[in-house]
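Here's the letter readout for the chains.
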Amino acid sequence: SDAGRTAGDNRKFVDAVLWIARTGSHWRELPPEFGHWNSVFVRYNRWSEKGVWERLFETLADDPDFEFVMMDATIVRAHQHSAGAKGGQAAEAIGRSRGGLTTKLHALCDALGNPLRLILIQGQIADCTQAAPLLEGIATQNVLGDKGYDSDAIVDLIVQSGAGAVIPPKKNRTVQRLCDFALYRERNLVERFLNKIKYYWAIATR
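Within each chain, residue numbers correspond to sequence positions counted from 1 in written order. Local features in this predicted model are restricted to residues whose pLDDT is 70 or higher, and side-chain atom pairs enter the listing and the counts only when it is 80 or higher, whereas totals over whole chains, interfaces and linings include all residues. Hydrogens and water molecules were not included; the side-chain quantities draw on all heavy atoms of the structure.

(A) Looking closely at the pattern of salt bridges. The salt bridge definition used is simple: a Lys or Arg side-chain nitrogen within 4 Å of an Asp or Glu carboxyl oxygen. One pass over the structure, following the stated rule, counts six salt bridges. In this structure, the salt-bridge partner of Arg-177 is Asp-150, at a minimum N-O distance of 3.0 Å. Of this pair, Arg-177 sits in the loop between strand 6 (164-166) and helix 7 (181-184) while Asp-150 sits in the loop between strand 5 (142-144) and helix 6 (152-160), placing them 27 residues apart in sequence. Between buried and exposed lies partly exposed: a residue is buried under 20% and exposed over 50% of the maximum accessible area for its type, with that area taken using a 1.4 Å probe on protein chains only. With a relative accessible area of 19%, Arg-177 lands in the buried category. Its relative accessible area of 5% is what places Asp-150 among the buried residues. Asp-152 is paired through a salt bridge with Arg-173; the nearest N and O atoms lie 2.9 Å apart. Of this pair, Asp-152 sits in helix 6 while Arg-173 sits in the loop between strand 6 and helix 7; the two residues are 21 residues apart in sequence, bridging distant segments of the chain. Where salt bridges share partners, they join Asp-150, Asp-152, Arg-173 and Arg-177 into one cluster. Elements are defined by DSSP. Helices are runs of H or I of four residues or more, strands are runs of E of two residues or more, and each kind is numbered from the N terminus.

(B) The arrangement of the packing of aromatic side chains in detail. Here a pair means two rings of Phe, Tyr or Trp (six-membered ring of Trp) with centres within 6.5 Å. Their orientation is stacked below 30 degrees between planes, edge-to-face above 60, and tilted elsewhere. Scanning the entire structure with this criterion turns up seven aromatic pairs. The interplanar angle of 55 degrees and the centroid separation of 5.0 Å between the aromatic rings of Trp-47 and Trp-53 together place this pair among those described as tilted. A network of ring pairs unites the aromatic residues Phe-13, Trp-27, Phe-41, Tyr-44, Trp-47 and Trp-53 as a single cluster. Lysine NZ or arginine CZ positioned within 6 Å of the ring centre and within 35 degrees of the ring normal marks a charge as sitting over the ring. Over the ring of Phe-13 we find Arg-43; its NZ or CZ atom is 4.5 Å from the centre of that ring.

Set out below in structure tokens:
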């Protein structure tokens, strides 16, 4: 059977997409047991355009643990062949930083380390710019983040939402804020999530 055809084997189709993401291979290299590569590619694009992947992600992220949330970002190297897509580099969230062509992946995870929200931006843009979009509409008791999120605007945003800002203060702050470092240790969960998904070569190298 061809997993790429409409209403085909959904499990085999998703497995095919995961194989591409895990190996970072070209679509033409998809093993024949998954079906014809072009059919799978066309169906993948169709799901993307119709928002099926996003709805699937939202369904899997249902019933989160909002005791606290954690935000972090990681740099993704962009292969030179990824920079020529229609719309230019900005449309593909590819920018130029010290490491060359890069994308920055921002993640918000719940208290169990499960992803709630993902955002792609150009690699040279500061982490703190994405705090507001990551936290929009999120009701939680505490927000955990590293020093990259230590700004008055972000702390005020978190406090105004009724949550506590568990963000270590930068050394150059005139007035040092208090930080619950015992709770801050839990932030390793979002780092582990980012590390786990970068085992997928299509994510580790765009």
